[in-house]
Amino acid sequence: MTTLRNSVHLIGHLGKDPETKTFGENKSKVRFSLATSDIYNDKDGERQEDTQWHNIVTFGKTAEIAEKYLKKGKEVAIAGRITYSSWDDKDGNKKYMTEIVANEILMLGKK
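Calculation rules
- Residues numbered from 1 in each chain as written.
- Predicted model: local features only at pLDDT ≥ 70, side-chain atom pairs only at ≥ 80, totals over all residues.
- Heavy atoms only, no water.
- Salt bridge = Lys/Arg side-chain N within 4 Å of Asp/Glu carboxyl O.
- Helix = DSSP H or I, 4+ residues; strand = E, 2+ residues; numbered from the N terminus.
- Buried < 20%, exposed > 50% of the residue type's maximum accessible area, 1.4 Å probe, protein only.
- Core = buried A, V, L, I, M, F, W, Y, C linked by side-chain atoms within 4.5 Å.
- Contact = heavy atoms within 4.5 Å.
- Arc of directions from axis to C-beta.
- Patch = residues over 30% accessible without salt bridge, like charges linked within 9 Å, V, L, I, M, F, W, Y side chains within 5 Å.
- Areas by Shrake-Rupley, 256 points an atom, 1.4 Å probe, with all protein chains shown as cover.

**Overview of the pattern of salt bridges**
(1) Moving on: Scanning the model with the defined rule gives 5 salt bridges in all.
(2) Moving on: Measuring nitrogen to oxygen at the nearest pair gives 3.6 Å for the salt bridge that ties K61 to E64. Of this pair, K61 and E64 both sit in helix 1 (residues 60-69), 3 residues apart, roughly one helical turn.
(3) Moving on: Taking relative accessible area as the criterion, K61 reaches 59% and is therefore assigned exposed.
(4) Moving on: The class for E64 is partly exposed, based on a relative accessible area of 38%.
(5) Moving on: The salt bridge involving D89 is made with K95; its shortest N-O contact spans 4.0 Å.
(6) Moving on: K95 gets classed as partly exposed once you look at its relative accessible area, which sits at 37%.

Structure (structure tokens):
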């Protein structure tokens, strides 16, 4: 049995329309943000909502589907893996980014 050691599954809503970049021969990369929310009652019994934003990137056929069908506000389920990167900005400050590389996207909600 194969065990996936780096696997993430999220259900949320797109924060903006996907952005597409093309590179090489007919290769594309699509990026979008995904909001996921947890709702809970705090210690005083008040309803609270905690929203987290995730950077999603996808390639190939999945990117083509994302570009064609996804729009801001659309509810989706994604499956993929988490990646981390870092770089120095123009002022020499270290910057960090966490992304989910989606290899599956399932469109949810209304058509």
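**Considerations on the nonpolar core**
(1) Moving on: Counting 15 residues, the largest nonpolar core has F32, I56, I78 and I105 as the members making the most contacts within it.
(2) Moving on: Secondary-structure elements contributing two or more residues to this core are strand 1 (8-14), strand 3 (27-41), helix 1, strand 5 (75-88) and strand 6 (94-107).
(3) Moving on: What I105 contacts, discounting residues up to four positions off in sequence, is F32, T58, T62, A66, L70, V76, A77 and I78.

**Things to note about the side chain of S28**
(1) Moving on: Relative to the assigned elements, S28 resides in strand 3.
(2) Moving on: Taking the relative accessible area as the measure of exposure, S28 reaches 11% and is therefore buried.
(3) Moving on: If near-sequence neighbours (up to four positions away) are discounted, S28 is found in contact with T20, K21, T22, F23, T58, F59, G60, A63 and E64.

**Let's talk about helix 1**
(1) Moving on: Every buried residue of helix 1 is accounted for by T62, A63 and A66. All buried residues of helix 1 project into a common sector of 100° when viewed along the axis, lining one side. In this structure, helix 1 carries K61 and K68 as exposed residues pointing more than 90 degrees from its buried face.
(2) Moving on: Looking at the buried residues of helix 1, the elements they touch are strand 3, strand 4 (47-59) and strand 6.

**Some points on a nonpolar patch on the surface**
(1) Moving on: Together, I65, Y69 and M107 make up a nonpolar patch on the protein surface, roughly 260 Å² of accessible area in all.
(2) Moving on: Along the polypeptide, I65 turns up in helix 1.

**Re the side chain of E99**
(1) Moving on: Among the structural elements, E99 can be located in strand 6.
(2) Moving on: In this structure E99 touches R31, N55, V57, R81, I82 and T83, once residues within four positions along its chain are discounted.

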